[in-house]
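Summary of structural features
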Amino acid sequence: MSNEQNKRRRKAAYIWKPEMIRALREHMDLTQRELADLLEVRQQTISEWETGLHTPHRSTQKTLSMVAERAGFSYNAQESVPADGDGVQQNGDETAERASADRQTASDA
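Below you will find a few notes about this structure. Bear in mind that the values here come from a model prediction, so they are computed numbers and not experimental data.

Rules and cut-offs
- Residue positions are counted from 1 within each chain, in the order its sequence is given.
- Two thresholds apply to this predicted model, a pLDDT of at least 70 for residue-level local features and 80 or more for giving and counting side-chain atom pairs, whereas whole-chain, interface and lining totals are computed over all residues.
- Side-chain metrics rest on all non-hydrogen atoms present in the structure, leaving aside hydrogens and water.
- Only DSSP runs of H or I reaching four residues or more are called helices, and only runs of E reaching two or more are called strands; each is numbered from the N terminus.
- Remark: exposure states derive from per-residue accessible area (1.4 Å probe, protein chains only) relative to the maximum for the residue type, with buried under 20%, exposed over 50%, and partly exposed in between.
- Each accessible area value is a Shrake-Rupley result obtained with a 1.4 Å probe; residue values ignore everything except the protein chains displayed when judging cover.
- Put simply, buried Ala, Val, Leu, Ile, Met, Phe, Trp, Tyr and Cys residues joined by side-chain atoms within 4.5 Å make one nonpolar core.
- Residue contacts are counted whenever heavy atoms from the two residues lie within 4.5 Å of one another.
- In the sections that follow, a salt bridge refers to a side-chain nitrogen of Lys or Arg positioned within 4 Å of a carboxyl oxygen of Asp or Glu.

Another aspect to go through is the overall build of the protein. When helices and strands are tallied, the protein shows six helices and two strands. Ordered by position from N to C terminus, the α and β elements of the protein give α-β-α-α-α-α-β-α. With 109 residues in all, the protein has 32% of them scored as buried. Carbon together with sulfur atoms contributes 43% to the accessible area of the protein, which is approximately 7400 Å² in total.

Rendered as C-alpha cells:
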C-alpha cells in the first residue's frame, strides 16, 4: 500500500450531523445528560451538537459510531474522504427521518 493510500485511509470522516445525534440519543431512549455521561462530555455539549452550534471532535465522532453500532442504530456515518476533497459525503437525513418515523409508528401501536 502506498503512502498516498495510507493518508487517504487515515482521512476517514465520521459524519455526525445534529439530527443524527438526536436520533441516536432517542433510539437509545437517553436524555442529553445520560448521553453526555456515556460520552464523558457535558450535557450542554450534547445540546450544542444537536442544535448544530458545534460539531463533535473526530475522536468523539468515532466513539459515537461505536456506541451507535452497539445500540443497533442503523446509519451511514462513515464515508471515506480523500485528501483532495473529492469524496462524496452522505448526510444521513434519510436515516434520521426513518428513525423518527419508526418512533412515531411505535408510539401509535
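Glancing now at the nonpolar core. Core analysis: the largest hydrophobic core is formed by 15 residues, its most contacted members being Trp-16, Leu-39, Leu-64 and Phe-73. Broken down by secondary-structure element, the contributors of at least two residues to this core are helix H2 (18–27), helix H3 (32–39), helix H4 (43–51) and helix H5 (58–71). With four residues, H2 is the single largest residue contributor to this core. Excluding residues that lie within four positions of it along the chain, Leu-64 makes contacts with Trp-16, Ile-21, Leu-24, Leu-39, Trp-49 and Pro-56.

Once that is clear, we can look at the environment of Leu-24. Residue placement: Leu-24 occurs in helix H2. For Leu-24, a relative accessible area of 0% puts it in the buried group. Not counting the four nearest positions on each side in its chain, Leu-24 is found in contact with Trp-16, Leu-64, Ala-68 and Phe-73.

Now for unusual backbone geometry. With phi around 55 degrees, Asp-29 is a residue other than glycine that occupies positive phi space. By the element assignment, Asp-29 lies in the loop between H2 and H3. Looking at Asp-29, the relative accessible area reads 68%, which means it is exposed. The phi angle at Glu-40 is positive, at roughly 60 degrees, despite the residue not being glycine. With respect to the secondary-structure elements, Glu-40 resides in the loop between H3 and H4. Look at Glu-40 and you get exposed, because its relative accessible area is 72%.

Here we come to the pattern of salt bridges. According to the stated counting rule, one finds two salt bridges in the structure shown. Note that Arg-22 is salt-bridged to Glu-26, the shortest N-O span being 2.8 Å. Taken together, the residues span about one helical turn, with Arg-22 and Glu-26 both in helix H2 at a distance of four residues. Taking relative accessible area as the criterion, Glu-26 reaches 25% and is therefore assigned partly exposed. A salt bridge links Glu-50 to Arg-25, with the nearest nitrogen and oxygen atoms 2.6 Å apart. With Glu-50 in helix H4 and Arg-25 in helix H2, the pair connects residues that are 25 residues apart, well separated along the chain. The two residues Glu-50 and Arg-25 agree in class, both being buried.

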